[in-house]
There are 2 protein chains.
Amino acid sequence: MDGAKRGAGRATTIVDIARAAGVSKSTVSLVLKESPLVKPATRERIMRAIDQLGYVYNRSAASLRTARSSFVGMVISDLMNPFFTELAVGIEDGLHNMGFVPILANTNEDVGRQTKVLQSLREHGVAGIIMSPARGTDVWSLAETLPRSLPMVLTMRRVDGSTLPYIGPDNRTGSREAVTHLINLGHRSIAFFGGYGTMTTQRERISGYRDALIAAGLPLRDELIFESMPTRAGGAESLAAALASPLKPTAAFCYNDIVAMGATRALGLRGIRVGIDFAVIGFDDIVEAEHNAPPLTTVNADTRIMGTRAARSLLGLIDGADPESMSYTGTTRLVVRESCGGHRRETFKETA
Amino acid sequence: MDGAKRGAGRATTIVDIARAAGVSKSTVSLVLKESPLVKPATRERIMRAIDQLGYVYNRSAASLRTARSSFVGMVISDLMNPFFTELAVGIEDGLHNMGFVPILANTNEDVGRQTKVLQSLREHGVAGIIMSPARGTDVWSLAETLPRSLPMVLTMRRVDGSTLPYIGPDNRTGSREAVTHLINLGHRSIAFFGGYGTMTTQRERISGYRDALIAAGLPLRDELIFESMPTRAGGAESLAAALASPLKPTAAFCYNDIVAMGATRALGLRGIRVGIDFAVIGFDDIVEAEHNAPPLTTVNADTRIMGTRAARSLLGLIDGADPESMSYTGTTRLVVRESCGGHRRETFKETA
DNA sequence: CTGAAAGCGCTTACAG
DNA sequence: CTGAAAGCGCTTACAG
């Protein structure tokens, strides 16, 4: 059902080249790992044989022997979401540079599939796993499918109660700054669009939203929070609900960019001018944000970099570093474009 | 530099569970592959031991022995492009369903990196490779890095002179239909935007463009072809050049959707109404196309399905099917939205 | 500086 | 129906 012969007829191995070079396979192995122990002359002879016979190193055999794997599982919750694509590109790049190769799994937000995938990854002997957990992942199921000994880091989404290292942006601060910007622009009734309270990320972003309101002495009203799927359709839905609301919000801070894009488009369809009649801000700064109509004001989270940071943390874990020290919270930056109305210069901030 | 111990202290193996169940490891191996040879009672005993000891199958060891791998290389030329993301999702899904796992490599259109990646994939013993070749890939470099015996299929982009199976959409027919639609709408000076003649895909799409013009008795003018990078920026650039052209095109058929989106936005920035003053059509029908402002008329190529077809073809190759029969040309469908002006019903077509 | 030997965790004939 | 033996392609002490 699965598989193919390595080469056509018997791939050439270390002993073939040993024979050709007139040495033992131990010596060949030594030159493969560039050991200084072997005399230059023999080294040359062996290298030549390798070229001539077209030898290709069998990393799996080596892994079996050393119990060291160069595979890393990269489990992405929704690869179709441009945000996660950017994350995946960052991870792939980081892993590649460190000599690891990623086995990709797209769980599509399905916890069942995630469980299967995690098991498969173990069977394939990955050295570790980087995962953006599917919605609904809980500590118990994680603990059940994974031994404590398998290095793993979580990205972009936390799992309540988990002590695994987490790599993600400073959601709370980023959100606070975005909402503060809206307040400074004169908005008093500001809605929050998208996501559900079951997502840790949404809760963090709402905390930031509240921080800003409180700091400005504005009331906190749960009726201004319009939950929906974190998609374009969700954004359109939240927008419709908000327009029907008695609180008459004049601006919305969105769970993420695609929600904001959905809202922005729904606004346009109703002839409401984005950035003039209604302000919207997103989160993530995916590449499309800048090409939205109108260009989206959003919180840049340096997603790609975050991906390579996640790769680095996993490597740290694999090398035995203390898990506590492998978490990383990325700095965030408000990128002001047109969807919020006020054309100000970018604001920078540093994280604690 | 790379790697970690499999488990913490000596992972449990087939012999551990053999000992626990009081049988030989051969018997354990038999139950693992669900052989009917072993008596239900012993089977039960063994299963229980597996559960209790928390045994996890070591697929790599099995691969070494059987010379059968469940890894497949998935080499993507530009994962940041939503089009290729959709393709990757389709491939991942197809592979997953067939019991294979994809090793992801994003070459970022870099032929040098592609060569390295291909070599690494060989060392990791993949059963085959699915690749969307980086721009500039030629048969020679391919032949040099890969033995004929390694199953491989090309997707979305051909490599001149290569006889490897190719899975992609019917570019020529899809393009012809799109341009015919423009002609039916009354356009007489129709430009082609984006891509370069060095890309086989662009050449195929231009052939379709020409087919339509010829069929309508319209002149073929090279000055109406505005090449540029296949990106949003490229689209904007082609648009600028077109507007400055003495041929005054009133419509453009674009190399792909992101080129069309770039053109569309550049048009908007100049106050030229898309779909009214100037018509544009894209190619691919990425998910964003429908959310563009205005929604993009484009050629749907069923990218995801194409990805799973590619997976299926590779599997065929691995199972020894005739390469000639493993190519697949996907059917194409014009999706009329607003960017082209004429709001007609969708047109369907079947491929030869 | 190089070789002989054992072993990583499986599978696969081959006996019984 | 089950066990003993050999072997997949490497690496790693251990001698010499």
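Relevant structure appears above.
Residues numbered from 1 in each chain as written. Chains lettered and ligands numbered in written order. Predicted model: local features only at pLDDT ≥ 70, side-chain atom pairs only at ≥ 80, totals over all residues. Heavy atoms only, no water.

*Asks:* What is the right way to look at the protein's contact with DNA strand D in this model?
*Replies:* What surrounds DNA strand D is a group of 26 residues, the closest being Lys-25, Ser-29 and Arg-65 of chain A together with Ser-26 and Arg-65 of chain B. Considering DNA strand D, the proportion of its atoms within 4 Å of the protein that are sugar or phosphate atoms stands at 63%. Separating a phosphate oxygen of DNA strand D from a backbone N or O atom of Ile-14 of chain A is a distance of 2.9 Å. Within the contact set of DNA strand D, a base oxygen lies 2.6 Å away from a side-chain nitrogen or oxygen of Arg-65 of chain A. Residue assignment for the surface near DNA strand D shows that the elements contributing at least two residues are α2 (25-32) and α4 (59-66) of chain A together with α2 (25-32) and α4 (59-66) of chain B. It is α4 of chain A that provides the largest number of residues to the surface near DNA strand D, a total of four residues. (Near = heavy atom within 4 Å. Polar contact = N/O pair within 3.5 Å; in protein donor to acceptor, adjacent residues only side chain to side chain. Helix = DSSP H or I, 4+ residues; strand = E, 2+ residues; numbered from the N terminus.)

*Asks:* Explain the packing of α2 of chain A against helix α3 (residues 40-53) of chain A here, please?
*Replies:* If you want to describe how two helices pack, look at the angle between their axes and the distance between the axes. Residue and element names in this part refer to chain A. Between α2 and α3, the shortest axis-to-axis distance is 10 Å and the interhelical angle comes to 85°. Between α2 and α3, the interaxial angle falls into the category roughly perpendicular. Along its contact with α2, which presents Thr-27, Val-28, Val-31 and Leu-32, the element α3 presents Arg-43, Ile-46, Met-47 and Ile-50. Here the residues of the contact of α2 with α3 sort into six nonpolar, one polar and one charged. (Axes fitted to C-alpha atoms, helices over the stretch in contact; angles between N-to-C directions. Parallel < 35°, antiparallel > 145°, perpendicular 65-115°, else oblique. Contact = heavy atoms within 4.5 Å. Nonpolar A, V, L, I, M, F, W, Y, C, P; charged D, E, K, R; others polar.)

*Asks:* Explain the protein's contact with DNA strand C here, please?
*Replies:* Of all residues adjacent to DNA strand C, which total 26 residues, the nearest are Ser-26 and Arg-65 of chain A together with Lys-25, Ser-29 and Arg-65 of chain B. Each atom of DNA strand C within 4 Å of the protein belongs either to a base or to sugar and phosphate, the latter forming 64%. Contact between DNA strand C and Asn-58 of chain B: a phosphate oxygen at 3.4 Å from a main-chain N or O atom of the residue. Looking at the surface near DNA strand C, the elements that each hand over two or more residues are α2 and α4 of chain A together with α2 and α4 of chain B. Partitioned by chemical class, the residues of the surface near DNA strand C number ten nonpolar, ten polar and six charged.

*Asks:* Hey, could you run me through the sheet that holds strand β8 (residues 251-254) of chain A in this one?
*Replies:* Residues and elements named next belong to chain A. Here six strands make up an open sheet; going across it, the order is β7-β6-β8-β9-β10-β12 and the pairing mixed. Edge positions in the sheet fall to β7 (225-226) and β12 (333-335), since each has one partner strand and no second. Across two bridges, the pairing between strand β6 (residues 190-193) and β7 is parallel. Following the sheet pairing, Phe-192 is matched in β7 by Ile-225. Most of the contacts of helix α10 (residues 232-244) go to β6, to which it runs at about 150°, and overall it touches β6 and β7. The strands touched by helix α11 (residues 257-269) within the sheet are β6, β8, β9 (279-284) and β10 (297-300), with β9 carrying the most contacts at an inclination of about 155°. (Pairing = 2+ DSSP bridges.)

*Asks:* Sorry if this is basic, but what is going on with the environment of Arg-65 of chain B here?
*Replies:* Residues and elements named next belong to chain B. Summarising the element assignment, Arg-65 is placed in helix α4. Of the residues examined, Arg-65 reaches a relative accessible area of 73% and is grouped as exposed. Sequence separation between Arg-65 and Cys-340 is 275 residues, and the spatial gap between their C-alpha atoms is 59 Å. (Buried < 20%, exposed > 50% of the residue type's maximum accessible area, 1.4 Å probe, protein only.)

*Asks:* Would you explain the nonpolar core in this entry?
*Replies:* One broad trend across soluble globular proteins is that nonpolar side chains are buried collectively. Counting 144 residues, the largest nonpolar core has Phe-193, Tyr-209 and Phe-253 of chain A together with Phe-193, Tyr-209 and Phe-253 of chain B as its most contacted members. Residues in contact with Phe-193 of chain B, not counting those within four places in the same chain, are Phe-226, Gly-235, Ser-238, Leu-239, Ala-242, Ala-252, Phe-253, Cys-254, Tyr-255, Val-259, Ala-263 and Phe-278 of chain B. If you look at the next biggest cluster of nonpolar residues, it comprises 36 residues, including Val-117 of chain A together with Ile-103, Met-131 and Leu-146 of chain B. (Core = buried A, V, L, I, M, F, W, Y, C linked by side-chain atoms within 4.5 Å.)

*Asks:* Where do I start with the interface of chain B and chain A in this structure?
*Replies:* How big an interface is tends to be stated in terms of accessible area lost as the parts join. Listed as interface residues are 58 residues of chain B and, on the opposing side, 58 residues of chain A. At the boundary of chain B with chain A, total buried surface from both sides reaches about 5,600 Å², with 58% on carbon and sulfur atoms. Where chain B packs against chain A, one counts six salt bridges. With a closest N to O distance of 2.3 Å, Arg-59 of chain A and Glu-123 of chain B form a salt bridge. Connecting chain B to chain A are eleven residue pairs in polar contact (both at pLDDT 80 or more). If you tally residues by element for the side of chain B that touches chain A, the top one is helix α5 (residues 82-97) of chain B, at seven residues. (Buried area = accessible area lost by both parts, 1.4 Å probe. Salt bridge = Lys/Arg side-chain N within 4 Å of Asp/Glu carboxyl O.)

*Asks:* What is the right way to read the relation of the copies chain B and chain A from this model?
*Replies:* Relating one copy of the chain to the other requires a rotation about an axis plus a shift along that axis. Superposition record for chain B on chain A: RMSD 0.0 Å, screw rotation 180°, translation along axis 0.0 Å. The superposition of one copy onto the other is thereby described by a two-fold rotation axis. Within chain B, Ile-103 of chain B has its C-alpha nearest the rotation axis, a separation of 2.2 Å. In this assembly the copies share their binding face: 100% of the residues contributing to the interface of chain B also contribute to that of chain A. (Least-squares fit on C-alpha atoms with pLDDT ≥ 70 in both.)

*Asks:* Would you explain the side chain of Glu-92 of chain A in this entry?
*Replies:* Along the chain, Glu-92 of chain A falls in helix α5 (residues 82-97). What makes Glu-92 of chain A buried here is its relative accessible area of 2%. Every residue in contact with Glu-92 of chain A, bar those within four places of it in the chain, is listed here: Met-74 and Pro-102 of chain A together with Leu-104, Ala-105, Asn-106 and Arg-113 of chain B.

*Asks:* Which parts of the structure should I look at to understand the pattern of salt bridges?
*Replies:* Pairing between side chains of opposite charge can happen when their charged atoms approach one another. Summed over the entire model, instances satisfying the criterion amount to 28 salt bridges over all chains. Salt-bridge contacts for Asp-284 of chain A lead to Arg-205 of chain A; the nearest nitrogen and oxygen are separated by 3.7 Å. Placement of the pair is Asp-284 of chain A in strand β9 and Arg-205 of chain A in helix α9 (residues 200-215), with a sequence separation of 79 residues. With respect to burial, Asp-284 of chain A and Arg-205 of chain A carry one shared label: buried. Its salt-bridge partner being Arg-203 of chain B, residue Asp-160 of chain B comes within 3.1 Å of it at the nearest N-O pair.

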